[in-house]
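Below are the chains, spelled out letter by letter.
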Amino acid sequence: MSLTNILNCLDKVTKTGQNAYKAICPCHAENTPSLTIKEDGNNIMCHCFGCGANGMEVVQALGLESSELFNESRKMAEKNQPGTVELEREQNRKFLDEVREQTKPLFDGCAVNLYLNKRGIKIIPNTIRFLPEYKQDGKYHPCLIARLDDKDGNRVSYKIIHLDNNGNKADVPIVKKTLPCERDTDGMAVRLFKYNGTLAVCEGIETALSYYNENKIACWALDNALNMKKFIVPMDVKNLLIIADMDSSFTGQAAAYELARRSAALIGKDGYQLERVNVILLLKWRGELSEMVDSGQKTDYLDYCND
Ligand SMILES: [Zn+2]
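So, here's what we can say about the structure. (Residues numbered from 1 in each chain as written. Predicted model: local features only at pLDDT ≥ 70, side-chain atom pairs only at ≥ 80, totals over all residues.)

## Section: the overall build of the protein chain
Thought 1: Within the protein chain one finds 10 helices and 14 strands.
Thought 2: For the protein chain, with 307 residues in total, the buried portion stands at 37%.
Thought 3: By sequence separation, contacts in the protein chain at least 24 residues apart represent 56% of the contacts at least 6 residues apart. (Helix = DSSP H or I, 4+ residues; strand = E, 2+ residues; numbered from the N terminus. Buried ≥ 20, exposed ≤ 12 C-beta atoms within 10 Å, placed from the backbone. Contact = placed C-beta atoms within 7 Å.)

## What to know about the environment of Ile24
Thought 1: By secondary structure assignment, the location of Ile24 is in the loop between strand 2 (20–23) and strand 3 (35–39).
Thought 2: Separated by 11 residues in sequence, Ile24 and Val13 place their C-alpha atoms 7.3 Å apart.
Thought 3: When near neighbours in sequence (up to four residues on either side) are disregarded, Ile24 contacts Leu10, Asp11, Lys12, Glu30, Pro33 and Leu35.

## Thoughts on the sheet that holds strand 2
Backbone-to-backbone hydrogen bonds pair the strands of a sheet. The strands run either parallel or antiparallel.
Thought 1: Ordered in space as 1-2-3-4, the 4 strands form an open sheet in which the pairing is antiparallel. Of all the strands in the sheet, just strand 1 (14–17) and strand 4 (44–48) have a single pairing partner and so form its edges. Looking at each pair of strands side by side, their axes are set apart by 25° on average, direction ignored.
Thought 2: Pairing of strand 3 with strand 4 involves 5 bridges; the strand directions are antiparallel. Each bridged residue has a counterpart across the sheet, and for Glu39 the counterpart in strand 4 is Ile44.
Thought 3: Across the sheet, helix 1 (residues 2–9) is in contact with strand 2, strand 3 and strand 4; its angle to strand 4 comes to roughly 25°. (Pairing = 2+ DSSP bridges. Axes fitted to C-alpha atoms, helices over the stretch in contact; angles between N-to-C directions.)

Note that every value here comes from positions in space, so none of it alone points to a role or purpose.
Structural data, given as structure tokens:
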């Protein structure tokens, strides 16, 4: 049975309801499960609230065939039905539209401003909005919300950060969520600022805002190391700055260099205006490198600015 095959390949699997499970996501690095797996008769649907991975990406990461997502009856009826992926995306699109309707611009004293101000971030672009309430763990929380776009600037989903009214991270299992996606996640980014020639990219939204506040250089958030590896540099970028998260596992650094390697190969190619690619590693660590490795800490540009 397909569901069993998928569950057997995953770590920390727990049952969360009838035909519903949670597990560690194989598509990004995490310790707390944020991958949900659901079976609805004919199909198996996956969504990772950490990185936004869907069923196709999960089975690929596990080295399984995409047909594992469909049960036998589904496979037999396949020819007569519209694709599962399309149906799921159509549902997700409606859901995202509903969420979008509820968002508001930021205002003084709103949870998002408090949260970012505490991190030394004063200049906040209007690409960051306020979602007054989003339900998780049976309670409603105010959230920071930002749009995730694909390589062509089409909406893929939203990233939300659950907060409390005082601008602290909410006490919920998953603080930062990627909502269900309405299209492929290739080249996905939060396009926080408009760039003119020079574009900086990093992982987290707070890091990107922090980098802009400090340097006044347009910075996009790619959300996680997996998306950084897969990011597609826009053709009109001349100077690409890649800001690496410094992980003791070297995941962040490796992703930054992988993007640098792929991007550097585009210099002088088919309409690309790219001239320079640089990886920015932060040499000022919080404490000694050996300490950081021992404790499994990570540091990013935000920590650097706030040191
Ligand atoms: Zn994930």
